[in-house]
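Chain by chain, the residues run as shown.
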Protein chains: 2
Amino acid sequence: MSGRQQKRSVHEESEEARETRRAILEVARQLFMEFGYRAITTRQISDACGLTQPALYHYFKDKEELYVAMAREELARTRTGLERITRRGESVEERLKRAVAYLVGATQHDHSLMMHDIRYELSPEARLQLNEEFRINMIAPLAALFEEGQHDGQLRDEQHGGSDAVASAYLFLSFVSYILARGQHETATGSDSALAQQMVGILLHGLAYP
Amino acid sequence: MSGRQQKRSVHEESEEARETRRAILEVARQLFMEFGYRAITTRQISDACGLTQPALYHYFKDKEELYVAMAREELARTRTGLERITRRGESVEERLKRAVAYLVGATQHDHSLMMHDIRYELSPEARLQLNEEFRINMIAPLAALFEEGQHDGQLRDEQHGGSDAVASAYLFLSFVSYILARGQHETATGSDSALAQQMVGILLHGLAYP
DNA sequence: CCTACCGATCGGTAGG
DNA sequence: CCTACCGATCGGTAGG
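Parameters at a glance
- Residues numbered from 1 in each chain as written.
- Chains lettered and ligands numbered in written order.
- Predicted model: local features only at pLDDT ≥ 70, side-chain atom pairs only at ≥ 80, totals over all residues.
- Heavy atoms only, no water.
- Helix = DSSP H or I, 4+ residues; strand = E, 2+ residues; numbered from the N terminus.
- Contact = heavy atoms within 4.5 Å.
- Polar contact = N/O pair within 3.5 Å; in protein donor to acceptor, adjacent residues only side chain to side chain.
- Salt bridge = Lys/Arg side-chain N within 4 Å of Asp/Glu carboxyl O.
- Buried < 20%, exposed > 50% of the residue type's maximum accessible area, 1.4 Å probe, protein only.
- Near = heavy atom within 4 Å.
- Nonpolar A, V, L, I, M, F, W, Y, C, P; charged D, E, K, R; others polar.
- Buried area = accessible area lost by both parts, 1.4 Å probe.

> Now, about the environment of B:Gln53: what can you tell me, with residues and values included?
All names here are of chain B. Here glutamine 53 is to be found in the loop between helix 2 (42-49) and helix 3 (56-59). As a C-alpha pair, glutamine 53 and isoleucine 24 span 29 residues in sequence and 11 Å in three-dimensional space. Beyond its immediate sequence surroundings of up to four residues, glutamine 53 is in contact with Thr42, Arg43 and Ser46. One polar contact links glutamine 53 to threonine 42, side chain to side chain, over a distance of 3.0 Å.

> Outline the pattern of salt bridges, supporting the account with residue identities and numerical values.
Per the stated rule, a full pass over the model turns up 27 salt bridges over all chains. One salt bridge in this structure joins A:Glu148 and A:Arg95, with 2.7 Å as the shortest N-O distance. Taken together, the residues span a long stretch of sequence, with A:Glu148 in helix 7 (residues 124-151) and A:Arg95 in helix 5 (residues 92-106) at a distance of 53 residues. On the basis of relative accessibility, which here comes to 31%, the residue A:Glu148 falls in the partly exposed class. For A:Arg95, a relative accessible area of 3% gives the class buried. In this structure, B:Arg77 and B:Glu74 form a salt bridge, with 3.1 Å as the shortest nitrogen-oxygen distance. Residue B:Arg77 and its partner B:Glu74 are both found in helix 4 (residues 63-86); the two are separated by three residues, about one turn of the helix. Looking at B:Arg77, the relative accessible area reads 42%, which means it is partly exposed.

> With reference to specific residues and values, describe the protein's contact with DNA strand C.
Residues in contact with DNA strand C amount to 16 residues; listed here are only the nearest, A:Gln53, A:Pro54, A:Lys63, B:Thr52 and B:Tyr59. Among all atoms of DNA strand C positioned within 4 Å of the protein, those belonging to sugar or phosphate total 56%. The side chain of B:Thr52 places a nitrogen or oxygen atom 2.5 Å from a phosphate oxygen of DNA strand C. Elements represented by at least two residues in the surface near DNA strand C include exactly helix 2 (42-49) and helix 3 (53-59) of chain A. The element best represented in the surface near DNA strand C is helix 3 of chain A, accounting for three residues. Looking at the surface near DNA strand C residue by residue, the class counts come to seven nonpolar, six polar and three charged.

> Any chance you could break down the protein's contact with DNA strand D for me, citing the residues and the numbers?
Residues in contact with DNA strand D amount to 17 residues; listed here are only the nearest, A:Ala17, A:Thr52, A:Tyr59, B:Thr41 and B:Lys63. Sugar and phosphate atoms represent 69% of those atoms of DNA strand D found within 4 Å of the protein. A distance of 2.3 Å separates a phosphate oxygen of DNA strand D from a polar side-chain atom of A:Thr52. Between DNA strand D and B:Tyr57, the relevant distance is 3.4 Å, taken from a phosphate oxygen to a side-chain nitrogen or oxygen of the residue. Among the elements that take part in the surface near DNA strand D, helix 3 of chain A stands out by supplying four residues, more than any other. Taken together, the residues of the surface near DNA strand D sort by class into six nonpolar, six polar and five charged.

> So what about the interface of chain A and chain B? Which residues, and what values?
Across the contact, 44 residues belong to chain A and 44 residues belong to chain B. Together, the buried faces of chain A and chain B total about 4100 Å²; carbon and sulfur atoms form 55% of this surface. Sorting the residues of chain A by area buried against chain B places A:Arg156, A:Leu207 and A:Tyr209 first, and these three jointly supply 19% of that buried surface. Across the chain A-chain B interface, the total number found is zero salt bridges. Counting across the interface, chain A meets chain B through 18 residue pairs in polar contact (both at pLDDT 80 or more). Every element with two or more residues in the side of chain A that touches chain B is listed here: helix 1 (12-35), helix 6 (111-120), helix 7, helix 8 (165-185) and helix 9 (192-205) of chain A. The biggest single contributor to the side of chain A that touches chain B is helix 8 of chain A, with 12 residues.

Laid out in structure tokens, this is it:
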């Protein structure tokens with residue numbers, strides 16, 4: 001809650017302003033999510049928007065506030081996508097595969113780059129806020145799915161060689177990071193969905209024979 | 001003869017120079033591996049060494065060359081540690097648990113930060129070189145272990161719900177990253193070795209009941 | 001190995 | 001008096 005939301009009298013120019021703001025957020029998303037916070041300058045963002053760099057500061061207090069606004073939108077969007085999947089009436093394994101495919105394909109971007117930026121580039125305040133949003137929007141939906149699997153007796157809980165639902169969600173995301181990281185510098189050996197199938201299979205059934 | 005310091009013999013001079021070079025590499029390791037390439041300035045390194053910033057450029061051509069030299073040493077050190085573990089006469093599972101504990105405890109640092117720097121901060125040439133060193137020093141020893149497990153019939157190969165040995169090694173490392181990432185902003189629920197046991201158990205036996 | 005600096009570029013802000 | 005910017009430049013810092 002920033003005390004920055006001042007008088008924005010309702011007129012047609014605020015319509016234009018909102019459009020510009022949206023354009024900035026979209027460009028910031030593409031650049032920050034592909035190259036990271038430090039590597040992208042405010043000038044690169046403004047150039048891509050057809051604005052001067054100082055004009056950005058009319059819409060966002062500073063570079064960090066822009067990043068945080070972008071990241072919050074991105075996380076909220078991801079939660080919508082994830083919840084659409086986790087609410088399906090399919091098996092836990094099937095929904096996990098869909099979730100991998102969604103995170104790899106639809107979002108395109110590696111959330112682990114965002115996590116790096118949150119941890120290493122942002123202020124403690126921004127870090128705290130985005131860590132919470134990360135838990136709410138990405139971890140919680142996945143953890144709910146793992147918890148469902150544990151209650152159904154399909155998945156091991158912590159006492160039976162598994163891990164608690166939240167830890168499972170983090171592990172799941174580390175698998176997704178792995179897939180996306182591989183895709184960057186290795187020629188794909190198969191389609192994303194085939195890899196997603198394989199990864200979820202390993203996460204659920206293990207690398208060893210029973 | 002003025003009080004000006006006399007020219008040191010080649011012998012002493014290169015001895016001292018090597019010591020200084022070592023000190024720079026050690027400081028660079030501590031700082032780069034904790035905070036990342038971009039976040040650390042050459043002045044921070046020189047200050048911590050008791051040198052002026054331009055003096056660094058007597059020992060290393062530029063910031064990147066210093067990072068690459070440090071990273072190569074770090075990777076070579078890690079390989080030595082890993083190979084000492086993989087050559088033991090224990091079960092594959094036991095050696096994997098030791099490897100996790102070693103990577104989490106002994107090295108202290110998250111290799112995923114190094115991977116981020118390699119991918120996002122370095123030049124294409126340095127990236128290429130360190131990616132190769134990464135494969136040789138970290139992936140190869142682990143992949144050899146997974147391959148041994150597959151030949152023994154303990155681990156699934158690609159045709160039976162597993163993954164090839166190299167991919168398994170990458171997956172293994174993504175688990176280690178996860179452990180180290182958790183340790184940064186969560187209170188540890190148990191000791192590192194207990195977590196290592198749990199993680200290897202999940203990787204080998206899966207989250208689902210057979 | 002230091003003092004004294006450079007070209008450029010960074011994020012951010014001035015007046016109009 | 002407001003908005004949506006611009007041209008110019010701020011204080012600092014990057015690698016060298």
